[in-house]
Amino acid sequence: MDKIIIEGGRRLKGEVDISGSKNAVLPIMAAALLTEEESVVTNVPSLWDVHTMVKLLRSLGAKAILENGCLKVKPGKNLKPLAPYKLVKTMRASVCVLGPLLARLGEAEVSLPGGCAIGPRPIDLHLKGLEALNAEIMIEHGYVKVRAKTKLRGSEIYLGGGYGSSVLATDNVMMAATLAYGKTVIENAACEPEVVDLAKFLRKMGAKIVGEGSPRIEIEGVRKLHGAEHQVIPDRIEAGTFLYAAAITGGDILVRKMEPSHLNAVIDKLHQAGVRVEKFKNSARVRKNGRLKPVDITTLPYPAFPTDLQAQAMALATVTPGISVITEKIYPNRFMHVPELGRMGAKVFLEGPSAIVHGVKKLSGAPVMASDLRASAALVLAGLVAEGATEVQRVYHLDRGYENLEQKLTSLGASIRREKE
């Protein structure tokens, strides 16, 4: 198992390119199953989750080749409806093959993904949406089995629950509806850029979709889809992580190949914190603008502040004078990084879904353990500014969502290396 060692105290400076979006490419890979023909997807990041999805597509009978950021998927005529536990258990996003398999084959059997380190994330909304499209649902032996009663039929579907809708549930229902008979209306649909990117890919395949990016998406089912070519959007969470890396080290970074409009809420909070962010067409320059100031942050669905940047924002708050309050409205248990930040000298107190962060003058390097993907990133950020060496263990979490993170940080002047434990 690998660990990352960081010698803190270096100001980051330079330029860095953002990779393709993990959360966009995974459902797009699943959507390629909706046709027999070959699809080509570019700007695909080389991540653990992406390679797992390639294995899953192959296990379903599709041909899938990933080389140098270009993915070719040809499902052919002999797809299998079964997504096995041994693959689904390693990546929650595997559940997004449910909709495409149901639409193509009239049935699907996918292992239940279960919970994760940041708390349970049930697939109730996925099943609610597919059931509304005329599918029968059974859960047996740890698998969810869906079968079209006759043919999938369009319906009006309200994807309600908690604070906003589920991104993957919206994806699943939208994909299934592309081949359903008649019109489907998804109300309270997720508005994230990753949903918009999937809709663009589906339209290139011949789907009839309008309204993506709003809470109401309309899909008119078609008889058949075809292969398509598509370039995946930049990863807004990776981009946001580098914005925070510049802020926490007092650095000056030009973050390239990103979409600043996808991070308006994040950039606004950085401005409030005393960090200067200049937005350009496909890049942003971020640099500290004097003394850091505390801010209050509440995570909510897009376009509000994303839960996937909550831990990184907390890392900055730990070294910001004053008191910051960070409230987690998406996954209230998503604070497993707090005890590890405490090992580095941070003062963070939990009160229900809120973290009260008292800024300290300095953090000190320490051995810490990553619990999930974004917690890993927060510990790396804290290590960049801490005195002495920080050892981050279980960094396989990072490999799920960040492509070449150590190399990118090294190019900006960080002292960071990976070692075997």
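It should be noted that the structure appears before, not after, this text.
Residues numbered from 1 in each chain as written. Predicted model: local features only at pLDDT ≥ 70, side-chain atom pairs only at ≥ 80, totals over all residues. Heavy atoms only, no water.

Draft legend 1. Focus on the overall build of the chain. Scanning the chain from terminus to terminus reveals 14 helices and 24 strands. For 421 residues, the compact-globule estimate of 2.2 N^0.38 gives 22 Å, and the chain sits close to it at 21 Å. Here the C-alpha coordinates of the chain stretch approximately 65 × 45 × 40 Å along the principal axes. Considering the chain as a whole, with its 421 residues, one finds that 56% of them fall into the buried category. A fraction of 73% describes how many contacts in the chain between residues 6 or more apart in sequence connect residues 24 or more apart. Surface exposure of the chain reaches about 16900 Å², of which carbon and sulfur atoms provide 49%. The centroid of the 56 positive side-chain charges in the chain is displaced by 2 Å from the centroid of its 44 negative side-chain charges. (Helix = DSSP H or I, 4+ residues; strand = E, 2+ residues; numbered from the N terminus. Rg over C-alpha atoms; globule rule 2.2 N^0.38 Å. Buried < 20%, exposed > 50% of the residue type's maximum accessible area, 1.4 Å probe, protein only. Contact = heavy atoms within 4.5 Å. Areas by Shrake-Rupley, 256 points an atom, 1.4 Å probe, with all protein chains shown as cover. Lys, Arg positive; Asp, Glu negative; His and termini not counted. Charge placed at Lys NZ, Arg CZ, Asp CG, Glu CD.)

Draft legend 2. Fine view of unusual backbone geometry. Between Tyr302 and the following residue, Pro303, the backbone shows a cis peptide bond with an omega angle of 15 degrees. By the secondary structure assignment, Pro303 is in the loop between strand E18 (297-299) and helix H10 (310-318). Residue Asn404 is not a glycine yet carries a positive backbone phi of 55 degrees. A relative accessible area of 43% places Asn404 in the partly exposed class.

Draft legend 3. Here's a closer look at the state of the cysteines. Applying the stated criterion across every chain, the model contains 0 disulfides. Here Cys191 stays free of any disulfide, with the sulfur of Cys96 as its closest cysteine sulfur at 19 Å. (Disulfide = S-S within 2.5 Å.)

Draft legend 4. The arrangement of the pairing of strand E17 (residues 283-288) in detail. In the sheet, strand E15 (residues 252-256) pairs with E17 via 5 bridges, with the strands oriented antiparallel. Its bridge partner being in E17, Asp252 is matched across the sheet by Arg287. The sheet contact formed by strand E16 (residues 275-279) and E17 spans 5 bridges and is antiparallel. When the bridges of E17 are listed, Arg276 appears paired with Arg287. Taken together, E16 and the strand that follows it, E17, pair antiparallel across an intervening segment of 3 residues. (Pairing = 2+ DSSP bridges.)

Draft legend 5. View of the pattern of salt bridges. Counted under the stated rule, the structure contains 24 salt bridges. Among the salt bridges present, the one from Arg256 reaches Asp17, with a minimum N-O distance of 2.7 Å. Residue Arg256 is found in strand E15, and its partner Asp17 is found in strand E2 (residues 13-17); the two are separated by 239 residues along the sequence. Here Arg256 falls in the partly exposed class, since its relative accessible area comes to 33%. For Lys22, the salt bridge goes to Asp49, with nearest N and O atoms at 3.5 Å. Taken together, the residues Lys22 in helix H1 (residues 22-31) and Asp49 in helix H2 (residues 48-59) connect sequence positions 27 residues apart. (Salt bridge = Lys/Arg side-chain N within 4 Å of Asp/Glu carboxyl O.)

Draft legend 6. How the structure looks around the packing of helix H8 (residues 236-249) against helix H12 (residues 373-385). Interaxial distance between H8 and H12 falls to 9 Å at its minimum, and their mutual angle equals 20 degrees. Judged on the interaxial angle alone, H12 and H8 are roughly parallel. Crossing of H8 over H12 shows right-handed handedness. Facing H8, whose interface residues are Ile237, Thr241, Tyr244, Ala245, Ile248 and Thr249, H12 presents Arg374, Ala377, Leu381, Ala382, Leu384 and Val385. Across the contact of H8 with H12, the residue classes tally to 9 nonpolar, 2 polar and 1 charged. (Axes fitted to C-alpha atoms, helices over the stretch in contact; angles between N-to-C directions. Parallel < 35°, antiparallel > 145°, perpendicular 65-115°, else oblique. Left-handed = near helix turned anticlockwise from the far one by under 90°. Nonpolar A, V, L, I, M, F, W, Y, C, P; charged D, E, K, R; others polar.)

Draft legend 7. Region of the structure containing the sheet that holds strand E10 (residues 156-158). Taken in spatial order, the 4 strands of this open sheet run E10-E11-E13-E12, and their pairing is mixed. Both outer strands of the open sheet, E10 and strand E12 (208-210), are each paired with one neighbouring strand and no more. Within this sheet the neighbouring strands show an average axis-to-axis angle of 15 degrees, counted without direction. Across 5 bridges, the pairing between strand E11 (residues 183-187) and strand E13 (residues 216-220) is antiparallel. What sits directly across from Ile186, in E13, is Ile217.

Draft legend 8. Seen up close, the environment of Lys204. Checked against the element boundaries, Lys204 lands in helix H7 (residues 193-204). Residues Lys204 and Leu225, 21 residues apart in the sequence, show an inter-C-alpha distance of 9.1 Å. With near-sequence residues (within four places) excluded, Lys204 lies in contact with His226, Gly227, Ala228, Glu229, His230 and Gln231.

Draft legend 9. Fine view of H7. With 12 residues, H7 extends 17 Å from end C-alpha to end C-alpha; this agrees with the ideal 16 Å at 1.5 Å per step. With 9 of 12 residues buried, H7 lies mostly within the body of the structure. Listed in full, the buried residues belonging to H7 are Pro193, Glu194, Val195, Val196, Asp197, Leu198, Ala199, Phe201 and Leu202. One or two positions beyond H7, positive phi appears at Gly206, with a value near 110 degrees. (Expected span 1.5 Å × (residues − 1).)

Draft legend 10. Structural context of the packing of H8 against H10. At a minimum axis separation of 10 Å, H8 and H10 run at an interaxial angle of 5 degrees. When the axes of H8 and H10 are compared, the pair comes out roughly parallel. The residues of H10 that touch H8, namely those facing Ile237, Thr241, Tyr244, Ala247 and Ile248, are Gln312, Ala313, Ala315 and Leu316. Class assignment for the residues of the contact of H8 with H10 results in 7 nonpolar, 2 polar and no charged.

Draft legend 11. Geometry of the nonpolar core. Core analysis: the biggest nonpolar cluster contains 77 residues, and Val97, Met174 and Leu202 have the highest contact counts within it. What Met174 contacts, discounting residues up to four positions off in sequence, is Ile186, Val195, Leu198, Ala199, Leu202, Ile209, Ile217 and Ile219. (Core = buried A, V, L, I, M, F, W, Y, C linked by side-chain atoms within 4.5 Å.)

Draft legend 12. Geometry of the pairing of strand E3 (residues 39-42). In this structure, E3 lies alongside strand E5 (residues 70-74), joined through 3 bridges in antiparallel fashion. Within the sheet, the bridge partner assigned to Ser39 lies in E5 and is Val73.

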